[in-house]
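# Observations on the three-dimensional arrangement
If you want the building blocks of each chain, they are given just below.
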Amino acid sequence: MQLQLENVCKKVGKDFHIRDVNLTLEAGTLNILLGPTLSGKTSLMRLMAGLDQPTSGRVLVNGEDVTGVPVQKRNVAMVYQQFINYPNLTVYENIASPLRIAKTPKDVIAKKVQEMADLLKLGPMLKRSPQELSGGQQQRTALARALVKGAGLVLLDEPLANLDYKLREELREEFPRIFAATGSIFVYATTEPSEALLLGGNTAPLHEGTVTQFGETIKVFRRPQNLITAQIFSDPPLNVLPVTKLNNTMLFKSHVEVPLVGKLPELPDADYTIAFQPNNLSIIRKADSDISVKAKVAVTEITGSESYIHVDVAGLRWVVLAHGIHNIDIDATIEVFLDPSTFYVFDKNHNLVVTPASVSEA
Amino acid sequence: MANITLKEIAHSYTGESENPDDFALKRLDLTWRDGGAYALLGPSGCGKTTLLNIISGLLIPTRGQILFNDQDVTRLSTEQRNIAQIFQFPVIYDTMTVFENLAFPLKNRGRSKKEIEPRVIALAQMLGLENSLHTKAQHLTADLKQKISLGRGLIRQSVNAILFDEPLTVIDPQMKWELRSQLKHLHKKFGFTMIYVTHDQTEALTFADEVVVMYEGKIVQVGTPEELFEKPAHTFVGYFIGSPGMNIVPCELQGRTALVKGQSIDLGTSYASPTSKNVKLGVRPEHLSLNPPGEEGLPVRIVKVDDIGRHKIVKVALDDAIFNVIMPEVAAMTGDMGSLVMSSDHVNIYVDENRVTGGTL
Amino acid sequence: MIQKQVNQKAWFMVLPVFLIVAFSAVIPLMTVVNYSVQDTFGNNVFSWYGLGWFEEIIHSPRFHDAFLRQLLFSGIILAIEIPLGICIALAMPKKGWGVPVCLVTMALPLLIPWNVVGTIWQIFGRVDIGLLGHTLAQMGINYNYVQDPLAAWLTVIVMDVWHWTSLVVLLCYAGLCSIPDAYYQAAKIDGATRLAVFRYIQLPKMQRVLLIAVLLRFMDSFMIYTEPFVITGGGPGNSTTFLSIDLVKMAIGQFDLGPAAAMSLIYFLVILLLSWVFYTVMSNVGEESKGGH
């Protein structure tokens, strides 16, 4: 099946929850809605499912207008952040429930439930009740129930948000395999850029109800067309440097001077925003062309194998992503290094004008 | 303020028992220095909340003692222990203003208005609450509410320790690092002993000078973030810390070499032959690299390449042993062969899941 | 097209409810309105009387007395049952075997039919055979609810408290149980006294259920009929003739359909108005504590 949204808007009171969304999702694809809380991920999913009707615009399935059709009549399944299972049914009965509602013959149910249980590694748990399972297994059960009816459209609304991070890692790893086994359209909402990158597929970053770009996940990440896409797609926050180009100099106030290398000399004099990923800001000099800037350390977050050093540069908040563990004292002043070849440059309308050299080659 | 000592603490929810399986907390000994920042890290069900409740006085341990300095407080109530606690969900007094909330602990202790006011104002400034002092606390966002509950602990300058029970659970991801940074500043400024319970490695490692990792009711390692990363004392620590965790594969030991799936790996130092058959080799994905096939290294098949932006995670297979490799850039594709290189300084050997060093055993 | 069909079906679904409401509420109410503006001399002959009955009722001293009596009764009931209910709820155990025991004990009076409650107390209070009445008489206390208005009032009030405090208790208990343990723990750590815990944690968290309790108890006590009717029949004299008893006397005893209909409409509007006042005031107090503006 193919799902198409045409100029879809959803207005509640005077506020647009969704504004002019155009998307075409093909069968067998994984599509990620990426954005912070309240960016419209859930609203958009509800429109796709038919739980809500758009204020204007059309929803098409295989080219046919289904805008007014209620959710019961569509071939849709949904998985939520909370693990929603029938508490008084066994795992087997939970997975079988959508088939029973559809009056599927008994032997077919048994076969399909077994297939799902194998795919989601629930085989040994089939006779237990959901309360006896770990959070990860409960969410697997909910997912199996969604997948078993073979719905053409499966919506997953932050399905991993309530799990411990190790369980999250495990399930995230399995998802692409599970998705590939079914051939439905998957729509997956998440707030975490790293999750989007790990899952692959296509990504639609969302900002205040608008889709800012749509395409293959890694391409959207590497070539964000506008600043907001780049910001949504960066965790920790993207480092931003507002500069003014005038008479062959590029300056941020009087603090940072950016040498005009690569494509920078070709830009007309104007205000620009330079952005670069935290892993391209370093506490060690890697090349002679690196720009050195003095910064004050706000906090160092350590994830186990990497350190996120939050620094303050003349009122700008930057993050350095450093490999290994660096315990730098808070309030210490350190030198950080910027590599101009990794700069994304956005014009004053926040549209991309310069892509880093490494990305343009690729 | 006080040193906190746990002496042979063990706890079973069903009471004293001969069966070690009944104990949610197996026997543990631990000392926390006055003014330190500590974290209790572990997955759900590892006993960390039980331990926290024992420290705060909600639970009396089945066995053992807990000492503040040299005073036995095992049977003292929470109030008598003079500690503060910040909970998972912000606990605030809804009907009071921010000011009244912060002043509440002092008011209850009969302090004069003259003494309370400047202290509350100074603290509110430190916490960034000075602009909302006279609004009702109920209307604030979760992060500000959590600051209020923290403030109620900090306002009493005499507390022995401040306990945190997963305090950032309900905070927006974007706000978390700001609160972490503020917490570190406050710790530096006040010098209270702080104990932070969490299942999130980033939170524990960011906050603490020393992290206590718990697993199945036992303490498996106490160490600095560096130690937990470089030299995990238990395979669980290796797996739990780091994303992805440590690669842990079964091996055989022969003096200076480890045999993994018939391939030998030089260990740099020699190990005594182990008493158990359960021997494993652990190495971090960050300490592995991949060479083109034919070059020096273990012959591996590439199972999967994940590009997560800042680096790539390559999953390789040596026979049926799987390794994750983290590389900044990699040309190889799924299905290719490659040579896996590991440096002997970063290889850890585990016998019965516990780390052993060369020359011992 | 599709949307239209769905709408049509929805109308059919609503129809039964519409009919039920019409027959059970709207039509009887309209009948009452109809009676209240007409006069009759029997034989089903009615004549238009306008708002005459309403004027008569509003100016009648009999109505004034019953109304004041009713207000006093509801006031006393609320003043006793709400604080008493809160106190009992606070004293009830939060866990262990005591919980089901207390809950069942509390629920028992609520399960007894109104007229049975009336009968129980009617007998209980009798000076000749009632345990209470006889004991008091033996102790030399002059207690006789058939003759003494004060004794009659006391009996009716004690009976209502006995019958209905449980409802307040159960509601408050539910409110108290929903307070997470962390609040009590934090209060202990902050060194709060028992009174402060009540004032700053328990009372604010019980506000919603208290609103419901006050509304229910007010409406019920304002409409009380069966129990005082069974015990005192509105006497001695008119001392326990509350509004509803007065209404029944008028409608069925004297068969004054017009004035009775007018009175019941006034009665209904008064209850509606007072409930609305209670609701607004109490939820404003709630908003106040939430809003702080």
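Under the annotation held in an unreviewed UniProt entry, chain C carries the name Glycerol transport system permease protein and is attributed to Desulfopila aestuarii DSM 18488. Looking at the Sequence similarities (unreviewed entry) heading of the UniProt record, one finds this comment for chain C: "Belongs to the binding-protein-dependent transport system permease family."

Per an unreviewed UniProt entry, chain B goes by Carbohydrate ABC transporter ATP-binding protein, CUT1 family and derives from Desulfopila aestuarii DSM 18488.

### Points about the layout of surface pockets
Any empty space left between the atoms is revealed when a probe the size of a water molecule rolls over them. Computed from the structure, the second largest pocket encloses a volume of approximately 970 Å³. Along the wall of the second largest pocket there are 38 residues; nearest its centre are A:Asn279, A:Asn280, B:Gly309, B:Arg310 and B:Glu329. At the level of secondary structure, the elements contributing two or more residues to the lining of the second largest pocket comprise α7 (217-222), β16 (281-282), β19 (316-323), β20 (333-338) and α9 (357-361) of chain A. Residue composition of the lining of the second largest pocket, grouped by class: 15 nonpolar, 11 polar and 12 charged.

### Some words on the UniProt feature "transmembrane region" (unreviewed entry) in chain C
This chain's UniProt record puts "transmembrane region" (unreviewed entry) on residues 12-37, 71-92, 99-124, 150-176, 209-226 and 260-281 of chain C. Taken end to end, residues 12-37 of chain C is 96% helix and 0% strand, and its two terminal C-alpha atoms sit 36 Å from one another.

### Quick word on the pairing of strand β18 (residues 306-313) of chain A
Residue and element names in this part refer to chain A. The element β18 is extensively covered by neighbouring structure, given that 7 of its 8 residues are classed as buried. Bridge analysis of strand β17 (residues 291-302) against β18 gives 6 bridges, and the strand direction is antiparallel. Among the inter-strand pairings, Ile 302 is bridged to a residue of β18, identified as Ser 307. The hairpin formed by β17 and β18 contains 3 residues between the paired strands, and Gly 304 there has a positive phi angle of roughly 120°. Here 8 bridges tie β18 to β19, and the two strands are oriented antiparallel to one another. Residue pairing for β19: His 310 is matched across the bridge by Val 319. Count of turn residues in the β18/β19 antiparallel hairpin: 2 residues, of which Ala 314 carries a positive phi of about 45°.

### Topic: the domain arrangement of chain B
Residue and element names in this part refer to chain B. Per the domain assignment, the segments making up chain B are domain 1 (4-235) and domain 2 (251-356). Each side of the interface is counted separately: domain 1 has 8 residues, and domain 2 has 10 residues. Together domain 1 and domain 2 conceal approximately 830 Å² of surface at their shared face, both sides included; 48% is due to carbon and sulfur atoms. Here domain 1 is connected to domain 2 by 0 salt bridges. Counting residues per element, the side of domain 1 that touches domain 2 draws most heavily on helix α8 (residues 225-230), at 3 residues. When the residues that make up the side of domain 1 that touches domain 2 are grouped by side-chain class, the tally is 4 nonpolar, 2 polar and 2 charged.

### With respect to the pattern of salt bridges
Overall, the coordinates contain 39 salt bridges over all chains when judged by the stated rule. Measuring nitrogen to oxygen at the nearest pair gives 3.6 Å for the salt bridge that ties A:Arg172 to A:Glu192. Of this pair, A:Arg172 sits in helix α5 (residues 165-180) while A:Glu192 sits in the loop between β8 (185-190) and α6 (193-199), and the two are 20 residues apart along the sequence. C:Arg217 serves as the salt-bridge partner of C:Asp220, at 3.6 Å between the closest nitrogen and oxygen. Of this pair, C:Asp220 and C:Arg217 both sit in helix α9 (residues 194-222), separated by 3 residues, roughly a single helical turn. Where salt bridges share partners, they join A:Lys121, A:Arg140, A:Glu170, A:Glu174 and A:Arg177 into one cluster.

### Quick look at the pairing of strand β17 (residues 298-307) of chain B
All names here are of chain B. Two elements, β17 and strand β20 (residues 337-342), share 4 bridges in a ladder whose sense is antiparallel. The residue bridging Pro 299 from the neighbouring strand is Ser 339, located in β20. Across 6 bridges, β17 lies against strand β18 (residues 312-318) in antiparallel orientation. Counted as the bridge partner of Ile 302 is Val 316 from β18. Count of turn residues in the β17/β18 antiparallel hairpin: 4 residues, of which Gly 309 carries a positive phi of about 90°.

### Here's the deal with the interface of chain B and chain A
Listed by partner, the interface residues are 35 residues for chain B and 32 residues for chain A. Both sides of the chain B and chain A interface together cover about 3100 Å² of buried area, and 52% of this is carbon and sulfur. Ranking the residues of chain B by area buried against chain A places B:Trp177, B:Asp307 and B:Arg310 at the top, with a combined share of 21%. At the boundary of chain B and chain A, one finds 5 salt bridges.

### Remarks on the UniProt feature "domain: ABC transmembrane type-1" (unreviewed entry) in chain C
Mapped onto this numbering, the UniProt entry annotates "domain: ABC transmembrane type-1" (unreviewed entry) at residues 67-278 of chain C. Within the segment residues 67-278 of chain C, helix and strand shares are 77% and 0% respectively, and the terminal C-alpha atoms sit 18 Å apart.

### As for the UniProt feature "domain: ABC transporter" (unreviewed entry) in chain B
Under the local residue numbering, the UniProt record ascribes the feature "domain: ABC transporter" (unreviewed entry) to residues 4-241 of chain B. For residues 4-241 of chain B, helix accounts for 37% and strand for 24%, while the C-alpha atoms at its two ends are 26 Å apart.

### Here we look at empty space enclosed by the protein
Under the criterion given, the structure shown has 3 cavities of 30 Å³ or more. The element contributing the most residues to the lining of the largest cavity is α6(A), with 3 residues. By residue class, the composition of the lining of the largest cavity is 9 nonpolar, 5 polar and 2 charged. Considering only enclosed or pocket space, the second largest cavity measures out at about 110 Å³ in volume. Every residue lining the second largest cavity is listed: B:Ile86, B:Leu127, B:Gln146, B:Lys147, B:Leu150, B:Phe164, B:Pro167, B:Leu168, B:Leu179, B:Gln182, B:Leu183 and B:Leu186. Breaking the lining of the second largest cavity down by element, the ones donating at least two residues are α5 (142-154) and α6 (173-190) of chain B.

About the thresholds
- Residues numbered from 1 in each chain as written.
- Chains lettered and ligands numbered in written order.
- Predicted model: local features only at pLDDT ≥ 70, side-chain atom pairs only at ≥ 80, totals over all residues.
- Heavy atoms only, no water.
- UniProt positions renumbered as here; feature names shortened; annotations may be inferred.
- 1 Å grid on protein atoms, 1.4 Å probe; cavity = no way out; pocket = protein on both sides within 12 Å on 5 of 7 lines; lining within 4 Å.
- Points joined across faces, edges and corners; volume = space filled by probe spheres on them.
- Helix = DSSP H or I, 4+ residues; strand = E, 2+ residues; numbered from the N terminus.
- Nonpolar A, V, L, I, M, F, W, Y, C, P; charged D, E, K, R; others polar.
- Buried < 20%, exposed > 50% of the residue type's maximum accessible area, 1.4 Å probe, protein only.
- Pairing = 2+ DSSP bridges.
- Domains from an automatic or database assignment.
- Contact = heavy atoms within 4.5 Å.
- Buried area = accessible area lost by both parts, 1.4 Å probe.
- Salt bridge = Lys/Arg side-chain N within 4 Å of Asp/Glu carboxyl O.

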